[in-house]
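Examination of the molecular architecture
Given next are the chains, with one letter for each unit.
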Amino acid sequence: MTIETVSTNKAHGGVQGVYKHVSAATGTEMTFSVFVPDHAPDEKLPVLWYLSGLTCTHANVTEKGEYRAACAKHGIIFVAPDTSPRGDDVPDDEGYDFGKGAGFYVDATEEPWAKHFQMRSYIEKELPELVAANFAADMERQGITGHSMGGHGALTISLRNPGRFCSTSAFAPIVSPLNCPWGEKALTGYVGSDKAAWREYDACALIEDGARLPDLLVDQGLADNFFEEQLKTGLLEKAVGEAGMTATIRLQEGYDHSYYFISTFMAEHVAWHAERLKA
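Anyway, here's the lowdown on the structure attached to this text. (Residues numbered from 1 in each chain as written. Predicted model: local features only at pLDDT ≥ 70, side-chain atom pairs only at ≥ 80, totals over all residues. Heavy atoms only, no water.)

Helix and strand counts for the chain come out as nine helices and nine strands. Rg of the C-alpha trace for the chain: 17 Å, near the compact-globule value of 19 Å for 279 residues, within the 12% margin. Taking the principal axes of its C-alpha atoms as reference, the chain extends roughly 50 × 45 × 35 Å. By the burial criterion, 59% of the 279 residues in the chain qualify as buried. Within the chain, contacts between residues separated by at least 24 positions form 71% of all contacts whose residues are at least 6 apart in sequence. A total accessible area of about 11200 Å² is found for the chain, and carbon and sulfur atoms account for 48% of it. (Helix = DSSP H or I, 4+ residues; strand = E, 2+ residues; numbered from the N terminus. Rg over C-alpha atoms; globule rule 2.2 N^0.38 Å. Buried < 20%, exposed > 50% of the residue type's maximum accessible area, 1.4 Å probe, protein only. Contact = heavy atoms within 4.5 Å. Areas by Shrake-Rupley, 256 points an atom, 1.4 Å probe, with all protein chains shown as cover.)

Below, the structure written as structure tokens:
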């Protein structure tokens, strides 16, 4: 449970910190960021997890996400992990969409990835225990969101853990890795060729198999160059419709896949989570 402080900065009355620790799940050093709003000494605050997309680290949303003012206003801790294990001994791939920076929030079973690429266990179990032990976090009030590959992570983690998260949202998520090139490459490499084993890492498949969320918010830019081939938001619309699941899926005209898009709607997502985290 030992963490090392990399940096801290005062922001919006709270503290934006970056921390690192040696992970038992990945067998590597992992870095993550946490924003803690100003609060009373004995006060516990709800937690919003943000999972980043391909090629990203904790730093992308920390520097570009524009979440701190909203989190300070609503009294929400914001946690941003890395997207994969790092280090000289960690295997990698020449492509940007596999290996370092592309952990896909799965527990790999295939070699050489299985030793370090245990991001599902890291995000679902190890890092929450670390956050609970070191910050003023009320782990009974957790929300989760993410972007692209991280949106896939947010949706699947929440769907696999019913009742754990009070709120779930996503920005331009990969909704069905079973049906897109990114997912096919990642899940074949990490989990193997048996597509039955992929279903627990596919939001649409999980919903088809009976998993449910009490509510869901998704924003997707219509100028996103990954929209049709990789993200396939229509498959999520179809899955939630057939399941009778409450969901707000907003298609935003003119917005792309970048942090210009994410930061535009971040405060709305934080406020949406805050309503559910404080209910």
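Take empty space enclosed by the protein next. Summed over all chains, the structure comprises one cavity of 30 Å³ or more. Reported here for the largest cavity is a volume of approximately 40 Å³. Around the largest cavity, the lining residues are Ser158, Phe165, Cys166, Ser167, Thr168, Leu213, Pro214, Asp215, Trp272 and Arg276. Contributing elements (two or more residues each) for the lining of the largest cavity: strand S7 (167-171) and helix H9 (259-277). (1 Å grid on protein atoms, 1.4 Å probe; cavity = no way out; pocket = protein on both sides within 12 Å on 5 of 7 lines; lining within 4 Å. Points joined across faces, edges and corners; volume = space filled by probe spheres on them.)

A few words on the side chain of Gln252. One can find Gln252 in strand S9 (residues 248-252). On the accessibility criterion, Gln252 (16% relative accessible area) is buried.

Taken as a whole, the largest pocket spans an internal volume of roughly 200 Å³. Contributing to the lining of the largest pocket are 13 residues, with Leu54, Thr55, His147, Phe226 and His257 lying nearest its centre.

On to the packing of aromatic side chains, then. Applying the stated rule across the entire model yields 15 aromatic pairs. Arranged with centres 5.1 Å apart and planes meeting at 70°, the rings of Tyr19 and Phe135 form a pair that is edge-to-face. One end of the pair, Tyr19, is in strand S2 (residues 14-22); the other, Phe135, is in the loop between helix H3 (119-134) and strand S6 (137-146), with 116 residues separating them in the sequence. Given a relative accessible area of 8%, Tyr19 falls into the buried group. Each residue in the set Phe35, Tyr50, Tyr67 and Phe78 is aromatic and connected to the rest through ring pairs, giving one cluster. Geometry around Tyr67 places Arg68 over its ring, the cationic atom sitting 4.9 Å from the centre. (Phe/Tyr/Trp six-rings, centres within 6.5 Å; stacked < 30°, edge-to-face > 60°. Lys NZ or Arg CZ within 6 Å of the ring centre and 35° of its normal.)

Another point: the nonpolar core. Counting residues in hydrophobic clusters, the biggest one holds 68 residues, and the most contacted among them are Phe78, Phe104, Tyr190 and Met266. By size, the runner-up hydrophobic cluster in this structure holds 17 residues, among which are Leu159, Val175, Leu216 and Leu236. (Core = buried A, V, L, I, M, F, W, Y, C linked by side-chain atoms within 4.5 Å.)

This part covers the sheet that holds strand S1 (residues 4-11). Strands sit in the order S1-S2-S3-S5-S4-S6-S7-S8-S9 across an open sheet of nine strands; the sheet is mixed. One side of each edge strand has no neighbouring strand; the edge strands of this open sheet are S1 and S9. Strand-to-strand, the axes of this sheet are offset by a mean angle of 20°, without reference to chain direction. In this fold helix H8 (residues 233-243) packs onto strand S8 (217-221) and S9, with an angle of close to 155° to the strand it touches most, S9. The sheet strands contacting H9 are strand S4 (45-51), strand S5 (77-81), S6, S7, S8 and S9, and the helix crosses S7 at an angle near 175°. (Pairing = 2+ DSSP bridges. Axes fitted to C-alpha atoms, helices over the stretch in contact; angles between N-to-C directions.)

Between its first and last C-alpha atoms helix H4 (residues 149-160) spans 16 Å; for twelve residues at 1.5 Å apiece the expected length is 16 Å, and the two agree. Counting buried positions along H4 yields twelve of twelve residues, so the element is predominantly enclosed. If you check which residues of H4 are buried, you get Met149, Gly150, Gly151, His152, Gly153, Ala154, Leu155, Thr156, Ile157, Ser158, Leu159 and Arg160. Of the surrounding elements, those touching the buried residues of H4 are S4, H3, S6, S7, helix H6 (203-208) and H8. (Expected span 1.5 Å × (residues − 1).)

This paragraph deals with the environment of Gly234. Relative to the helices and strands, Gly234 resides in helix H8. Take Gly234: its relative accessible area is 40%, and that puts it in the partly exposed class.

Within the secondary structure, Lys20 is located in strand S2. Counting along the chain gives twelve residues from Lys20 to Phe32, while the straight-line C-alpha distance between them is 6.3 Å. The residues touching Lys20, leaving out its near neighbours within four places in the chain, are Ile3, Glu4, Val6, Glu29, Met30 and Thr31.

Evaluation of the coordinates by the stated rule reveals 17 salt bridges. Residue Glu4 is joined to Lys20 by a salt bridge in which the shortest nitrogen-to-oxygen separation is 4.0 Å. One end of the pair, Glu4, is in strand S1; the other, Lys20, is in strand S2, and 16 residues separate them in sequence. Ionic pairing is found between Glu275 and Arg276, a salt bridge with its closest N-O pair at 3.4 Å. Look at Arg276 and you get partly exposed, because its relative accessible area is 23%. Each of Arg120, Glu124, Arg160 and Glu200 takes part in salt bridges that share partners, so that together they form one network. (Salt bridge = Lys/Arg side-chain N within 4 Å of Asp/Glu carboxyl O.)

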